[in-house]
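Descriptive structure summary
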Amino acid sequence: DTAVSQTPKYLVTQMGNDKSIKCEQNLGHDTMYWYKQDSKKFLKIMFSYNNKELIINETVPNRFSPKSPDKAHLNLHINSLELGDSAVYFCASSRGGGARGETQYFGPGTRLLVL
Amino acid sequence: AQRVTQPEKLLSVFKGAPVELKCNYSYSGSPELFWYVQYSRQRLQLLLRHISRESIKGFTADLNKGETSFHLKKPFAQEEDSAMYYCALSGGGSARQLTFGSGTQLTVLP
């Protein structure tokens, strides 16, 4: 009964390839996020979706395209992978609705290595 | 712009000693502050949040608006507290994204 799941857990690929990471939550949450954790363990927001609509798009290269087919899924597609894209990508979800102190629930992360 | 600073990347204490993980923030509005923890081989999870004023696993954190700080404290550290700790800020509104500090790796020595 995993709350937030991501696939794959590990992804090793060559520069220039296109890859996708999938995220699913079974918590009935309205809001989902993608975060990137770099080699120094620094976590930074990339995107946020609320009810399938994009509400945050930080300064992320347009090679990264999130897709939300329904509010339980938020997939991340990356075109023309570069060495600097190597990182751990975390998906998260929260109830939504703007309540103060809202908890975010994180997936296990996807470790991407671009060679 | 919102910013979170955790000045210590690594922190080691002995079991039973007090521990304090520092967090300072910069935000012009009324912030929501959190501490998230990542134990070895586990996912990131919420430890506590300032609006709850709760104590979780013996940890407490008080929001000090004058000093713009939200330090995490525990009077007697345990070995199982060893983990990566992230301070995070949410600016409110509909977005609710978290701005994280750079994290502090806490090691509690036997």
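Every chain is numbered on its own, with residues counted from 1 as its sequence reads. For this description, chains carry letters from A and ligands carry numbers from 1, given in the order in which they are written. Where totals are concerned, whole chains, interfaces and linings use all residues; where local detail is concerned, this predicted model gives features only for residues with pLDDT of at least 70, and gives and counts side-chain atom pairs only at 80 or more. The basis for every side-chain value is the complete set of non-hydrogen atoms in the structure, without hydrogens or water.

Our focus in this paragraph is the side chain of glutamine 38 of chain B. Along the chain, glutamine 38 of chain B falls in strand β5 (residues 32-38). Not counting the four nearest positions on each side in its chain, glutamine 38 of chain B is found in contact with Gln37 and Phe90 of chain A together with Arg43, Leu44, Ala83, Met84 and Tyr86 of chain B. A run of DSSP states H or I qualifies as a helix once it reaches four residues; a run of E qualifies as a strand once it reaches two. Both are numbered from the N-terminal end. The contact definition used throughout considers only heavy atoms, calling two residues in contact when any of these lie within 4.5 Å.

Time to look at the state of the cysteines. Disulfides are defined as cysteine sulfur pairs within 2.5 Å. Summed over all chains, the structure comprises two disulfides over all chains. One disulfide bridge connects cysteine 23 of chain A with cysteine 91 of chain A, the sulfur atoms lying 1.9 Å from each other. On the sign convention where negative is left-handed, the bridge of cysteine 23 of chain A and cysteine 91 of chain A, at about -75 degrees about the S-S bond, is left-handed. One end of the pair, cysteine 23 of chain A, is in strand β3 (residues 19-25); the other, cysteine 91 of chain A, is in strand β9 (residues 87-94), with 68 residues separating them in the sequence. Take cysteine 23 of chain A and cysteine 91 of chain A: they sit in the same class, and that class is buried. In this model cysteine 23 of chain B forms its disulfide with cysteine 87 of chain B; the gap between the sulfur atoms is 2.0 Å. Taking the torsion about the sulfur-sulfur bond, which here is approximately -65 degrees, the covalent link between cysteine 23 of chain B and cysteine 87 of chain B counts as left-handed. Here cysteine 23 of chain B is found in the loop between β3 (19-21) and β4 (24-26), whereas its partner cysteine 87 of chain B is found in strand β9 (residues 83-90), with 64 residues between them in sequence. Cysteine 87 of chain B matches cysteine 23 of chain B in its accessibility class, with the two residues each being buried. Residue exposure (1.4 Å probe, protein chains only): buried if accessible area is under 20% of the type maximum, exposed if over 50%, otherwise partly exposed.

Side chains bearing opposite charge may pair, as long as their charged atoms lie close to each other. All names here are of chain A. A side-chain nitrogen of Lys or Arg and a carboxyl oxygen of Asp or Glu constitute a salt bridge if their distance falls within 4 Å. Under the criterion given, the structure shown has six salt bridges over all chains. In this structure, aspartate 85 engages arginine 63 in a salt bridge whose closest nitrogen and oxygen atoms are separated by 2.8 Å. Pair noted here: aspartate 85 is in the loop between β8 (75-78) and β9 and arginine 63 is in the loop between β6 (53-57) and β7 (64-67), with a separation of 22 residues, a long-range link. Each member of the pair, aspartate 85 together with arginine 63, is buried.

So, about the sheet that holds β3 of chain A. Residues and elements named next belong to chain A. Ordered by their spatial adjacency, four strands build an open sheet running β1-β3-β8-β7, and the pairing between neighbours is antiparallel. Every interior strand has two partners, whereas the edge strands, β1 (4-7) and β7, have only one. Across the sheet, the axes of successive neighbouring strands diverge by a mean angle of 15 degrees, strand direction being ignored. Summarising the sheet, β1 and β3 pair through four bridges and their orientation is antiparallel. Here the rule is simple: two strands pair whenever DSSP picks up at least two bridges between them. An axis is simply a line fitted to the C-alpha atoms; with a helix, the fit covers only the stretch in contact. Between two such axes, the angle follows the N-to-C directions and lies from 0 to 180 degrees.

Classification of ring pairs rests on two measures: the distance between centres of Phe, Tyr or Trp rings, Trp counted by its six-membered ring, which must be within 6.5 Å, and the angle between planes, read as stacked under 30 degrees, edge-to-face over 60 and tilted in between. In total, this model carries 10 aromatic pairs over all chains according to the counting rule given. An angle of 70 degrees between the planes, with centres 6.2 Å apart, marks the rings of phenylalanine 106 of chain A and phenylalanine 100 of chain B as edge-to-face. Here phenylalanine 100 of chain B lies in strand β10 (residues 98-100) and phenylalanine 106 of chain A lies in strand β10 (residues 105-106), a pairing that spans two chains. Residue phenylalanine 106 of chain A shares its accessibility class with phenylalanine 100 of chain B, and that shared class is buried. Here the aromatic rings of tyrosine 36 of chain B and phenylalanine 100 of chain B are separated by 6.0 Å at their centres, their planes lie at 65 degrees, and the arrangement is edge-to-face. With tyrosine 36 of chain B in strand β5 and phenylalanine 100 of chain B in strand β10, the pair connects residues that are 64 residues apart, well separated along the chain. Of the two residues, tyrosine 36 of chain B and phenylalanine 100 of chain B, both sit in the buried class.

What follows is about the nonpolar core. For this analysis, a nonpolar core means a set of buried residues of the types Ala, Val, Leu, Ile, Met, Phe, Trp, Tyr and Cys, connected via side-chain atoms within 4.5 Å. The biggest cluster of nonpolar side chains holds 24 residues, and the ones touching the most others in it are Trp35, Leu72 and Tyr85 of chain B. A total of four residues in this core trace back to one element, the largest contributor, which is β9 of chain B. Contact partners of leucine 72 of chain B, with chain neighbours within four places excluded, come to Val19, Glu20, Leu21, Trp35, Leu47, Leu48, Phe59, Thr60, Ala61 and Tyr85 of chain B. Counting 20 residues, the second largest nonpolar core, distinct from the first, contains Leu11, Cys23, Met32 and Phe64 of chain A.

The next point concerns the confidence of the model for chain A. As a per-residue quantity, pLDDT reports the predictor's confidence and falls between 0 and 100. Summary statistics for chain A give a mean pLDDT of 90 and a share of 96% for residues scoring 70 or more. The secondary structure element of chain A with the lowest average pLDDT is β6 of chain A, at 77, and the one with the highest is β3 of chain A, at 97.

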